[in-house]
Structure formats: C-alpha cells, structure tokens
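# Summary of structural features
Chain by chain, the residues:
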Amino acid sequence: MIKDLFADDDNIIRQWKEPLAKDAIILRGFAYSKAPILLQNIMDIAENAPFRYFMTPSGHMMSVSMTNCGQLGWISDKQGYRYTENDPLSGQKWPKMPEIFQQLAQKAASQAGFTDFIPDACLINRYHPGSRLNLHQDKNEIDLSQPIVSVSLGLPATFLFGGLQREYPCQRVLLTHGDIIVWGGSSRLRYHGILPLKDGVTPWPLQDNVRYNLTFRRVFPV
Ligand code: MD3
Ligand code: FE
C-alpha cells in the first residue's frame, strides 16, 4: 500500500504570526487553504450585489470597487460614509454573510486574543492594477471595542500602516494571498492605506491581475 502523500495537506500549508504593532497582528497564510471557497462565495455575492465604484463625499470616484455582505454594508456617496441595511443599487438587503466567512473571521480574531468576535458587516474590496486606497481611519463603526479582521486574496499589495495621526510615519507591509490582519484595541484607529496595485499573476482559481480584500467589522454593539 502506497502512503497518500497528500492526506494531511492542511499541515503543509505555511502559516505564521507576525506582530505588527501593539494590538495588531498578521496571520500569514491563515486563509490560504480556504481561498477557493472564499472566492466562490465572493462571486455568488457579486451576482446579487455587483461590485461598484462609490463616489467619495468630495465627489471623487474611488479606484477600488466594492460590495458587501452581512446585516450591514459600508457605502459612500455625496451624503457621506456610512452603513446601510440595503444595497442602494437594488434596494434589497445585502446578501447574507456566508457561514464560512463568519467562522474564518471569528477564528482569526481569537488567534489574536479577541474572543467572541461576531461581525455584522463584511466589506468586499476589489483592486485592479493601479487601484489604491488613500490613508484613512476606519471610524464609522459605533462599537470601537471590537477588532477588525481583514483577509487578502489574489495579487499582493503594499499596505501602509500608520499611527493615530495622519502625519505619523507608516510601516510598509506586503500582504499576499491568504494573509489575514487582525487589529483592535490601541491600533483600532490607526491610519492605513493601500499603495497603487502592481500587475502580477495570481494563484488558481483566480483570474490574473485582481486583488480582493474582505474586511469584517462589528458596527453595532453586541
Ligand atoms: C485599519 N481596506 O476597507 S484592510 C478598508 O486591503 C481598508 O482593502 C484595506 O482599509 C484593503 O477600510 C486594508 C487592512 C487593515 C489592516 C490594518 C489596519 C486595516 C487597518 C490597522 C489599523 C486600522
Ligand atoms: Fe480601512
């Protein structure tokens, strides 16, 4: 009998923890083995709630396209940044957050010491080469005691991780397919952003030249 060399496949997926700052950690490779099913779920969500380019309150079109799943979705328009229960494109509720998204976010948060993280919002960002996200804070959530969990899929991106004021220096961190960042506590309001994406090839089953980021948040207190 020949031993099945792939029987314990999960054990050969490379995973490690990289502290980034106080209350912020990178879980390298944490989502890697789940990437195909996560991507399939993203495609299903986008059939009901398509990716779209929001306008910022100041009237600029964002270069990242977005959609959402969960009880609440993050949107932007002339009236400002906020969370809504309905997709403004369809007037319908945002698609339900898939069970696998929920579980992954909760498992990642607990790895970082945040127990019982139950996200009520998942923003899905899609980047193409040239797409970028300017330095900003995530502060539209009411419950700032809860962490944020971010999952990177597809093309690598250079993440800028700043301080509590815009002028403070930034660390640059390369985020690749399957990486997760969890941050909360004293890092919750740090400025951060994504440098313009570069061309590249992406792992199966992704089409080339695209990056997705799932951002799990708790908007309303539990
Ligand atoms: C915030 N998205 O959607 S998430 C966003 O990759 C957003 O699409 C980026 O920022 C993206 O609001 C980055 C990752 C992240 C990581 C560390 C942080 C956001 C952070 C630390 C403090 C505050
Ligand atoms: Fe952000």
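Located above this text is the structure these notes cover.
Keep in mind the model is a prediction, meaning the values are calculated, not measured. (Residues numbered from 1 in each chain as written. Chains lettered and ligands numbered in written order. Predicted model: local features only at pLDDT ≥ 70, side-chain atom pairs only at ≥ 80, totals over all residues. Heavy atoms only, no water.)

### Details of the coordination of the iron ion (ligand 2)
Where we set the bar: Each metal site lists N, O and S donors within 2.8 Å (3.2 Å for Na, K and Ca). With water left out of the atoms, a site can look as if it is missing ligands. Comment: elements are numbered from the N terminus, with helices defined as DSSP H or I runs of at least four residues and strands as E runs of at least two. Buried residues are those whose accessible area, probed at 1.4 Å on protein chains only, stays under 20% of the maximum for their type, while exposed residues exceed 50% and partly exposed ones sit between those limits.
Surrounding the iron ion (ligand 2) are the protein donor atoms His 136 (NE2), Asp 138 (OD) and His 192 (NE2), at 2.0 to 2.2 Å. Counting residues between consecutive donors of the iron ion (ligand 2) along the chain gives the motif H-x1-D-x53-H. Note that His 136 is positioned in strand β7 (residues 133–136) and His 192 in strand β12 (residues 192–194), a separation of 56 residues in sequence. Given a relative accessible area of 22%, His 136 falls into the partly exposed group.

### A few points about the site of ligand 1
Convention followed: Here a residue counts as near a molecule or strand whenever at least one of its heavy atoms sits within 4 Å of it. Nitrogen and oxygen atoms within 3.5 Å of one another constitute a polar contact, given that in protein one can donate a hydrogen and the other can accept it, and given that sequence-neighbouring residues count only through two side-chain atoms. Here, Shrake-Rupley sampling with a 1.4 Å probe gives the accessible areas, and only protein chains in the shown set may cover a residue.
Around ligand 1, the surrounding shell holds 19 residues, and the nearest of these are Tyr 127, Phe 159, Trp 183, His 192 and Arg 217. Contact between ligand 1 and Asp 138: an oxygen atom at 3.2 Å from a side-chain N or O atom of the residue. Surface burial for ligand 1 is 98%, taken as the share of its 510 Å² of free accessible area covered by protein chains. Mapped onto the shell around ligand 1, the elements with two or more residues apiece are β6 (121–127), β7, β9 (157–161), β11 (180–183), β12 and β13 (211–217).

### Structural notes on helix α1 (residues 35–48)
Defined as follows: How far a helix is expected to stretch is found by multiplying one less than its residue total by 1.5 Å. Directions pointing from the helix axis toward each C-beta atom define the arc.
With 14 residues, α1 should cover 20 Å at 1.5 Å per step; its first-to-last C-alpha distance of 21 Å lies within 8% of that length. Turning to α1, its buried residues are Ala 35, Leu 38, Leu 39, Asn 41, Ile 42, Ile 45 and Ala 46. Viewed along the axis of α1, the buried residues span an arc of 160 degrees, placing them on a single side of the element. Exposed residues on α1 whose side chains face more than 90 degrees from its buried face are Glu 47 and Asn 48.

### A word on helix α2 (residues 99–111)
Helix length check: α2, at 13 residues, gives a terminal C-alpha distance of 18 Å against a target of 18 Å (1.5 Å per residue), a fit within 8%. Considered for burial, the residues of α2 that qualify are Phe 101, Gln 102, Leu 104, Ala 105, Ala 108 and Ala 109. Residue Gly 113 follows α2 closely and has a positive phi angle near 95 degrees.

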